[in-house]
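Here is what each chain is made of, one letter per residue.
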Amino acid sequence: MEFCYMHIIQRMLLTTKFCPNIPKGFRISNVKIIEDRLYFVATYVETKFLWVRTNGNLYLIKEGSVRKARVASISGSALGAGFWVDANDKYVVVAYFLTNEEGKKKNGLCVFTSEYLIKIACKSLDKTPENVKIEGRTTYVKFRDGSIRAYKIIAP
């Protein structure tokens, strides 16, 4: 199955078709559109001879080109997975959780450059996130228990 996305940029009156190479069985967790850029996270299960792994990759589609960066992965098939994306002119932030069939969990927050998806940093979180918001260099993560934490991006 090929995933294609039709995007209409109203300001430019341009219609473009994008087909990033995503493995079968993917799930789109979140989509963020900022001006001429489209960000989303695709979650999919990768299988090899003796192992299974669930991956979450961040995609950037801009002017017909596609960039991708790994956000997080967990061994086995994910019973639960959630990724939330927000972006501004300099950064893209992704808050996520992954839970596999063995009961292992990963909660985290990753920061990427907005133009090339270069991973600046990732941080493990002790609680399960529910949403993320970026304002300037500050990232706000809302957790399932209703609490909100702020994280400062210290990068060029």
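Everything discussed here concerns the structure shown above.
The structure presented is a predicted model; accordingly, all values stated were derived computationally and were not measured. (Residues numbered from 1 in each chain as written. Predicted model: local features only at pLDDT ≥ 70, side-chain atom pairs only at ≥ 80, totals over all residues. Heavy atoms only, no water.)

Colleague: So, the nonpolar core: which residues are in play, and what are the values?
Modeller: Residues L58, V71, V92, V94 and F112 are the most contacted members of the largest nonpolar core, which totals 20 residues. Secondary structure elements with two or more residues in this core: β4 (37–47), β5 (52–62), β6 (65–75), β7 (78–87), β8 (91–100) and β9 (105–113). With residues up to four places along the chain from it excluded, the contact list for V92 reads Y39, L58, V85, D86, A87, C110, V111, F112, T113, S114 and L117. Grouped together as the second largest cluster of nonpolar side chains are 15 residues, Y91, I134, V141 and F143 included. (Core = buried A, V, L, I, M, F, W, Y, C linked by side-chain atoms within 4.5 Å. Buried < 20%, exposed > 50% of the residue type's maximum accessible area, 1.4 Å probe, protein only. Helix = DSSP H or I, 4+ residues; strand = E, 2+ residues; numbered from the N terminus. Contact = heavy atoms within 4.5 Å.)

Colleague: Break down the state of the cysteines for me, with residues and values.
Modeller: Within this structure, the stated rule accounts for 1 disulfide. Disulfide partner of C110: C122, at an S-S distance of 2.0 Å. On the sign convention where negative means left-handed, the S-S torsion of about 110° between C110 and C122 marks this disulfide as right-handed. Here C122 lies in strand β10 (residues 119–124) and C110 lies in strand β9, a separation of 12 residues in the sequence. (Disulfide = S-S within 2.5 Å.)

Colleague: Describe the packing of aromatic side chains, and please don't skip the residues or the numbers.
Modeller: By the definition in use, this model includes 3 aromatic pairs. Judged by centre distance (5.1 Å) and plane angle (10°), the rings of F40 and Y59 are stacked. Here F40, found in strand β4, pairs with Y59, found in strand β5; they are 19 residues apart in sequence, far enough to count as distant. An identical accessibility class is assigned to F40 and Y59; each is buried. Ring centres of F83 and Y96 lie 5.7 Å apart, and the angle between their planes is 20°; this geometry places the pair in the stacked category. Pair noted here: F83 is in strand β7 and Y96 is in strand β8, with a separation of 13 residues, a long-range link. What makes F83 buried here is its relative accessible area of 1%. Owing to a relative accessible area of 8%, Y96 belongs among the buried residues under this scheme. (Phe/Tyr/Trp six-rings, centres within 6.5 Å; stacked < 30°, edge-to-face > 60°.)

Colleague: Describe the pattern of salt bridges, naming the residues involved and giving the relevant values.
Modeller: Applying the stated criterion across every chain, the model contains 9 salt bridges. The salt bridge partner of E115 is K62, with a shortest N-O separation of 2.8 Å. You can see E115 sitting in the loop between β9 and β10 and its partner K62 sitting in strand β5, a full 53 residues away along the chain. Using a relative accessible area of 30% as the deciding quantity, one classes E115 as partly exposed. Notably, a salt bridge pairs K133 with D86, separated by 3.9 Å at the nearest N-O pair. Here K133 is found in strand β11 (residues 129–135), whereas its partner D86 is found in strand β7, with 47 residues between them in sequence. By relative accessible area, D86 is classed as buried at 3%. Taken together, the shared-partner salt bridges in this structure form one network comprising K32, D86 and K133. (Salt bridge = Lys/Arg side-chain N within 4 Å of Asp/Glu carboxyl O.)

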